[in-house]
Amino acid sequence: MENNTGRIPEKREKEFGIGTFIFLIILIGAIAYMASVMGIGPMFKTLLNTAYSVLIETVLYICAICVIMGAVSALLTEFGVVGLAQWLINPIMKPLYNMPGAASLGIVTTFLSDNPAILALSQDAKTRKYFKKYQTPALCNLGTAFGMGMIVCTFMLGLGTEFLPAVAAGLGGCVIGSIISTRLMQFFTKRHYVKEGVWEEMLEMEEFDSPAEPTENTSKSEEVKKKGLFSRVMDCLLEGGKLGWQICFATTPGVICICTLVMILTFGPGTGEDGVAAYTGAAYEGIEVLPKLGDLISPVTKVLFGFQDGSNIVVPITSLGAVGAAIGMIPQMITSGLVGANEIAVFTAMGMCWSGYLSTHVSMMDALGRRELIPSALISHTIAGLCAGVSAHYIFLLVG
């Protein structure tokens, strides 16, 4: 059939299918359930207030971290610290993680700050030349395993010096989890690129190490190194900070959307004006689905993690979205007698290893340009976090 122009219109593909109706059923069902528990008005108000709170209290914090760590990473690469780490630590990193020694800087930066800090390191061309292409996506898992480590360990020690052995056991469990996560991720990346038929390409380094004829880039690099110390430092601070700022924008959508969802599934009602539990529309109210799930699987968590109470699972689950919110629950749980030293060990390991990966992993992999490997990264890190908790529990039984 011809149209007015005399051309035969192209056949348009149907833009919806059975998946569309399945999605609508799930979406409407989820909204209806949340509205039946919270009320329609408070539900939408809580969604917006939680998202806003995550933006102000979490995203801007991550932005500041990214800018600072981007500048620090630029300084480390400019003055050869990355190369020194590659030479010194490579004998240890290679057998444990199958990663070059330069990856150790990612561990340090994320331990001192947060997960996205490793992206500043991974985006630097001078650093990526030490990595084979199939190893680069595993940086997301390696860095996330140590995210906010300093904050978590310091917080746990602040609860009492008697928890020092527990924190040490938790740190050991986190290291085991990081090895499992990084190794598993590389296993998945190898399989992925074998299927794609580009395995030989993925075995190549990110940049050729062999000497090449002088190019515009190498000439520019030599010109930069001829600058004075002050100029080199300022260039690193500005360029590295700029890179960190770009990374922040790349991670923002995932942090806000996923973290908001996890918070609503975790927390319960707030407190009304009369002091009675009620849904007021404030941030961080929710429907408490995840704690109820914890009660159902408490027989399993007691064997794996040694948890005294089914509610203990809430801390690791909350760590999926925000480890800061997770550790904030612990003092009250200690006061209530629900948490002991063993739980502190497990919380330390799983809090560090998972450290909000559900809210940052997707956007971090997107920033690395490896969207197709997001499921592999999530599966690897989920398994690794569980292994970290189990390891911490049994390490504490041995040394506690």
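See the structure above.
1. As for the overall build of the protein chain
In step 1: Within the protein chain, the secondary structure is distributed over 20 helices and two strands.
In step 2: Among the 400 residues that make up the protein chain, the fraction classed as buried is 46%.
In step 3: Here the contacts in the protein chain between residues at least 6 apart in sequence split such that 77% fall between residues at least 24 apart.
In step 4: Surface summary for the protein chain: the accessible area is close to 20000 Å², and the carbon and sulfur share equals 67%.

2. Considering the nonpolar core
Soluble globular proteins: nonpolar side chains tend toward being buried together.
In step 1: Counting 81 residues, the largest nonpolar core has Met99, Leu142, Phe146, Met156, Ile344 and Met365 as its most contacted members.
In step 2: Of all the elements, helix 18 (residues 341–354) adds the most residues to this core, at nine residues.
In step 3: Those residues within four positions of methionine 156 in sequence are excluded, and the remaining contacts are Phe163, Val167, Ile327, Ile330, Ile344, Phe347 and Thr348.
In step 4: In this structure, Ala35, Met38, Ile264 and Ile287 belong to the second largest nonpolar core, which totals six residues.

3. Concerning a nonpolar patch on the surface
In step 1: A surface patch of nonpolar side chains, amounting to about 1200 Å² of accessible area, comprises Phe16, Ile18, Phe21, Ile22, Phe23, Leu24, Ile26, Leu27, Ile28, Ile31, Ile40 and Phe44.
In step 2: Those elements that provide at least two residues to the nonpolar patch are helix 1 (18–38) and helix 2 (40–78).
In step 3: Sorting elements by how many residues they give to the nonpolar patch places helix 1 first, with nine residues.
In step 4: Note that phenylalanine 16 resides in the segment before helix 1.
In step 5: With a relative accessible area of 47%, phenylalanine 16 lands in the partly exposed category.

4. Structural notes on the pattern of salt bridges
In step 1: For the structure on display, the rule yields two salt bridges.
In step 2: Two residues, arginine 232 and glutamate 78, come together in a salt bridge whose shortest N-O distance is 2.9 Å. Here arginine 232, found in helix 12 (residues 229–266), pairs with glutamate 78, found in helix 2; they are 154 residues apart in sequence, far enough to count as distant. Like glutamate 78, arginine 232 is buried.
In step 3: Aspartate 366 serves as the salt-bridge partner of arginine 371, at 2.6 Å between the closest nitrogen and oxygen.

5. Some remarks on the side chain of serine 391
In step 1: Turning to its location among the elements, serine 391 is positioned in helix 20 (residues 374–399).
In step 2: Residues within four places of serine 391 in sequence aside, it is in contact with Gly173 and Ile176.

6. Thoughts on the packing of helix 9 (residues 164–195) against helix 20
In step 1: One way to put it is that helix 9 packs onto helix 20 with a least axis distance of 7 Å and a crossing angle of 150°. One way to sum up the angle between helix 9 and helix 20 is to call them roughly antiparallel. Classified by chirality, the crossing of helix 20 by helix 9 is right-handed.
In step 2: Grouping the amino acids of the contact of helix 9 with helix 20 by side-chain chemistry returns 18 nonpolar, nine polar and no charged.

7. With respect to the packing of aromatic side chains
In step 1: A full pass over the atoms with the stated rule returns four aromatic pairs.
In step 2: Plain terms: the ring middles of phenylalanine 305 and phenylalanine 307 are 5.3 Å apart, the flat faces sit at 40° to each other, and that makes the pair tilted. A single burial state applies to phenylalanine 305 and to phenylalanine 307, both of which are buried.
In step 3: Ring pairing ties together the aromatic residues Phe305, Phe307 and Phe347, which thus form one cluster.

8. Thoughts on the packing of helix 1 against helix 2
A pair of packed helices is characterised by two quantities: the angle between their axes and the separation of those axes.
In step 1: It is the contact of helix 1 with helix 2, at a shortest axis distance of 7 Å, that shows an interaxial angle of 110°. Between helix 1 and helix 2, the angle falls in the class roughly perpendicular. Between helix 1 and helix 2, the contacting residues are Ile31, Met34, Ala35 and Met38 on the first element and Ile40, Pro42, Met43 and Thr46 on the second.
In step 2: Looking at the contact of helix 1 with helix 2 residue by residue, the class counts come to seven nonpolar, one polar and no charged.

9. Quick look at helix 18
In step 1: Taking 1.5 Å per residue as the helical rise, helix 18 with its 14 residues ought to reach 20 Å, and the 20 Å between its terminal C-alpha atoms agrees with that figure.
In step 2: With 13 of its 14 residues buried, helix 18 lies for the most part within the structure.
In step 3: Just past helix 18, the residue serine 355 takes up positive phi, approximately 30°.

10. What to know about helix 8 (residues 149–158)
In step 1: Buried residues of helix 8: Gly149, Val152, Cys153 and Met156, and no others. Each buried residue of helix 8 lies within a common arc of 95° when the element is viewed along its axis, so the set occupies one face.
In step 2: Elements in contact with the buried residues of helix 8: helix 4 (104–112), helix 9, helix 16 (323–327), helix 17 (330–335) and helix 18.
In step 3: Of the residues flanking the end of helix 8, it is glycine 160, one or two places downstream, whose phi is positive at about 155°.

Rules behind the numbers
Residues numbered from 1 in each chain as written. Predicted model: local features only at pLDDT ≥ 70, side-chain atom pairs only at ≥ 80, totals over all residues. Heavy atoms only, no water. Helix = DSSP H or I, 4+ residues; strand = E, 2+ residues; numbered from the N terminus. Buried < 20%, exposed > 50% of the residue type's maximum accessible area, 1.4 Å probe, protein only. Contact = heavy atoms within 4.5 Å. Areas by Shrake-Rupley, 256 points an atom, 1.4 Å probe, with all protein chains shown as cover. Core = buried A, V, L, I, M, F, W, Y, C linked by side-chain atoms within 4.5 Å. Patch = residues over 30% accessible without salt bridge, like charges linked within 9 Å, V, L, I, M, F, W, Y side chains within 5 Å. Salt bridge = Lys/Arg side-chain N within 4 Å of Asp/Glu carboxyl O. Axes fitted to C-alpha atoms, helices over the stretch in contact; angles between N-to-C directions. Parallel < 35°, antiparallel > 145°, perpendicular 65-115°, else oblique. Left-handed = near helix turned anticlockwise from the far one by under 90°. Nonpolar A, V, L, I, M, F, W, Y, C, P; charged D, E, K, R; others polar. Phe/Tyr/Trp six-rings, centres within 6.5 Å; stacked < 30°, edge-to-face > 60°. Expected span 1.5 Å × (residues − 1). Arc of directions from axis to C-beta.

Honestly, it's all geometry; don't read function into it.
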